[in-house]
Amino acid sequence: RGVRTVGLVLLSWLLPVATFIAVAFLLALPFTGLKPLFDTKSATQILLSAAAGLIVLINAAYQDGSEGRAPAFLRWTGRAAAVALVPLIGIAAFALELRIAPYGLTPERVIAAVCVMIGAVYAVGYAVAAVAPRGGWMQLLEKVNIGGALLILVSILAIFTPVADPARLSVDSQVARLTSGAVTPDRFDFDFLRFQAGRFGKEALANLAARTGGPTWRPAVPMV
C-alpha cells in the first residue's frame, strides 16, 4: 500500500508538466497549424497516447477523490487537463478521418477508430466532471471511469466477433471503394485481400473473381 501511495503521488506531480505541454500545444495550433502534426503520419496515435497519459495522471491525482489528498494547484491542473482532452481527441478523430475518407478502412484504422470512440467518452465525461458545479472535486470522474471500463470491455468483445471484426470492416470498405470506382483495379491492393484480411479477404477475392469471370488477384500498390 505504501509503494502504491508513493507511486500515485509521484505520478500526480507529473500531471502539471503534462498539462502544461498539452495546453501549450493547443495554444500554439492557431500559429503553427496542423500540418506539422499531420506530416508525421502518426497524428492519431500521438494524440491518443497523449490523451491516455493525461487520463492516467488525472486519476493518479484524484485517487479516492478526497480533496485533502491533492493540493489546490493539482486540483486546478486536473481540471485543465480534463478540458484539454476534448480538443486532443477531436483532432485525433479529424486526423483519422483524413486517412479513412480517401483510403478507406484498414484493420489498424478500425482499432484506432475504436480507441477514438473510447477516448471521446472519457474526454467528454472528464470535461463535464471538471466544470460540474456540484459534488466534490471532479466526483463525476468515478462514474465516467466505470462507464468507460464497460465500454472498453464491450468494444473488445465486438472486435473479436464478426460484428466489428477489423478485417471484415476493412474488406467491406476496400471492396466498396473498388466497386464504386473510387479506386481503379490497377491501383487496388489485392494483396491485402489475399494475405492480410483472413477469410473475409479470401471470400471477397473469390466474389470479385466470380463477378469478373476470372482471377483478380495480382500484386498492386499497397494502401497508403
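Quick note: structure is the one above.
This structure is a prediction, so every number in the text was calculated from the model and none was measured.

Asks: Go over the packing of aromatic side chains with me, naming the residues and quoting the values.
Replies: In the structure shown here, the tally under the stated rule is four aromatic pairs. Ring plane angle 45° and centroid distance 5.9 Å describe the contact between Phe-38 and Phe-94, whose orientation is recorded as tilted. Linking Phe-38 in helix α3 (residues 35-38) with Phe-94 in helix α5 (residues 72-103), this pair joins segments that are 56 residues apart in sequence. Each ring, one from Tyr-122 and one from Tyr-126, has its centre 5.8 Å from the other, and the planes form 75°; the classification is edge-to-face. Here Tyr-122 pairs with Tyr-126, and both are found in helix α6 (residues 107-131), just four residues apart, close to one helical turn. Grouping residues by exposure puts Tyr-122 and Tyr-126 together as buried. The ring of Trp-76 carries the charged tip of Arg-79 above its face, separated from the ring centre by 4.9 Å.

Asks: So what about the environment of Leu-29? Which residues, and what values?
Replies: Positionally, Leu-29 belongs in helix α2 (residues 15-32). Leu-29 has contacts with Leu-34 and Ile-91, leaving out every residue within four places of it along the chain.

Asks: So what's going on with helix α8 (residues 166-180)? Residues and values would help.
Replies: In a regular helix each residue adds 1.5 Å, so 15 residues correspond to 21 Å; α8 covers 21 Å between its end C-alpha atoms and thus fits that length. Residues Pro-166, Ala-167, Ser-170, Val-171, Ser-173, Gln-174, Val-175, Arg-177 and Leu-178 constitute the buried set of α8. Capping the start of α8, Asp-165 holds a side-chain oxygen 2.8 Å from the backbone nitrogen of Ala-167, two or three residues further along.

Asks: Before we move on, can you summarise unusual backbone geometry with the specific residues and values?
Replies: Backbone geometry at Lys-41 places phi at a positive 60°, although glycine is not the residue there. Along the polypeptide, Lys-41 turns up in the loop between α3 and α4 (43-62).

Asks: Can you lay out the packing of α4 against α6 for me, pointing to particular residues and giving the numbers?
Replies: At their nearest, the axes of α4 and α6 sit 11 Å apart, and the two run at 40° to each other. When the axes of α4 and α6 are compared, the pair comes out oblique. Here α4 runs over α6; the crossing is left-handed. Here Thr-44, Leu-48, Ile-55, Ile-58 and Asn-59 of α4 lie close against α6, whose contacting residues are Ala-112, Cys-115, Val-116, Tyr-122 and Tyr-126. Residue composition of the contact of α4 with α6, by class: eight nonpolar, two polar and no charged.

Cut-off values and rules
Residues numbered from 1 in each chain as written. Predicted model: local features only at pLDDT ≥ 70, side-chain atom pairs only at ≥ 80, totals over all residues. Heavy atoms only, no water. Phe/Tyr/Trp six-rings, centres within 6.5 Å; stacked < 30°, edge-to-face > 60°. Helix = DSSP H or I, 4+ residues; strand = E, 2+ residues; numbered from the N terminus. Buried < 20%, exposed > 50% of the residue type's maximum accessible area, 1.4 Å probe, protein only. Lys NZ or Arg CZ within 6 Å of the ring centre and 35° of its normal. Contact = heavy atoms within 4.5 Å. Expected span 1.5 Å × (residues − 1). Polar contact = N/O pair within 3.5 Å; in protein donor to acceptor, adjacent residues only side chain to side chain. Axes fitted to C-alpha atoms, helices over the stretch in contact; angles between N-to-C directions. Parallel < 35°, antiparallel > 145°, perpendicular 65-115°, else oblique. Left-handed = near helix turned anticlockwise from the far one by under 90°. Nonpolar A, V, L, I, M, F, W, Y, C, P; charged D, E, K, R; others polar.

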